[in-house]
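As a plain string of letters, each chain reads:
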Amino acid sequence: MMKYSFLLLITLLFSCKQHAQHSEKMTTTYYFIRHAEKERNTGEDPALTREGKERAHQWVSYFKNKNLDYIFSTHYTRTEETARPTARRLGLNIEYYEPTDLYSDKFQEFTHGKTVLIVGHSDTTPLFINKILGKEKYKDIPDDNFGNVYKVVIKPDGSVTSSVKRIEN
């Protein structure tokens, strides 16, 4: 009986070690979108236009099967309004990030192994992606472009890939 207990203990310890190694090496996926169409000439923190609200609701169907763990937004009305319909549909809270502190160690640790939607701006979205990539691949998003979705994948071996897809409304 003691022989079997010892074998069971060894098996459990090995299983736990394998699980710990697996959890340390997980794929992280980031989806980035720019906020939807905003009101013009209404101050520093404009709300979304009717078209912008429609686009925000269209993002729900795009992200509904992406298995998002978190949704991040800046503290601006237009980004929050863009993120809110998807967050509600998926039962997620909106987490916040500072556009002046992109891809911090804390953010990396928090999102490691997760699938994350990040709602940003025409300038901060490409900056954020470029910071992850470690090179300047993406330029500012044109002022009239609200339909790009960028995907960045960090594999367990540390390799990083990115792509951009245009979603028409």
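Scoring rules and cut-offs
Going along each chain's sequence as written, the residues are numbered from 1 onward. Residues qualify for local features only when their pLDDT is at least 70, as the model is predicted, and side-chain atom pairs are given and counted only at 80 or more; totals for whole chains, interfaces and linings, by contrast, use all residues. Excluded from the side-chain calculation are hydrogens and water; included are all heavy atoms of the structure. Under the scheme applied here, a residue whose accessible area is under 20% of the maximum for its type counts as buried, over 50% as exposed, and between as partly exposed, the area being computed with a 1.4 Å probe on protein chains only. Runs of H or I in DSSP of at least four residues are treated as helices and runs of E of at least two as strands, each being numbered from the N terminus. We treat two strands as partners when DSSP finds at least two bridges between them. Paired rings are identified among Phe, Tyr and Trp, the last through its six-membered ring, by centres lying within 6.5 Å, and are further divided according to the angle between planes into stacked (under 30 degrees), edge-to-face (over 60) and tilted (the rest). Sitting over a ring, as applied to charges here, requires NZ of Lys or CZ of Arg to be within 6 Å of the ring centre and within 35 degrees of the ring normal. We call two residues in contact whenever any of their non-hydrogen atoms come within 4.5 Å of each other. Think of a polar contact as two N or O atoms within 3.5 Å of one another; within protein, one of them needs to be a possible hydrogen donor and the other a possible acceptor, and neighboring residues in sequence only count if both atoms come from side chains.

We now examine the pairing of strand β5 (residues 148–154). Burial of β5 is extensive: six of the seven residues sit out of reach of the surface. Where strand β1 (residues 28–34) meets β5, six bridges bridge the pair, whose relative direction is antiparallel. In the strand pairing of β5, Y30 is matched with V152. With seven bridges joining them, β5 and strand β6 (residues 160–166) adopt antiparallel strand pairing.

A few words now on the packing of aromatic side chains. Counted by the stated rule, this structure contains 17 aromatic pairs. For the ring pair F72 and F110, a centre distance of 6.2 Å and an interplane angle of 90 degrees mean the geometry is edge-to-face. Pair noted here: F72 is in strand β2 (residues 70–73) and F110 is in helix α4 (residues 105–111), with a separation of 38 residues, a long-range link. Given a relative accessible area of 4%, F72 falls into the buried group. Through pairs of rings, three or more aromatic residues link up here, namely Y30, F32, Y70, F72, Y97, Y103, F107, F110 and F128. The cationic tip of K66 hangs over the ring face of Y62; the distance from NZ or CZ to the ring centre is 4.6 Å.

On to the environment of T28, then. Note on placement: T28 falls in strand β1. When the C-alpha positions of T28 and K114 are compared, they lie 5.1 Å apart, and in sequence the two are 86 residues distant. Filtering out sequence-adjacent residues up to four positions away, T28 remains in contact with T111, H112, G113, K114, V152, V153 and I154. Of the polar contacts made by the side chain of T28, one reaches the backbone nitrogen of G113; its length is 2.7 Å.

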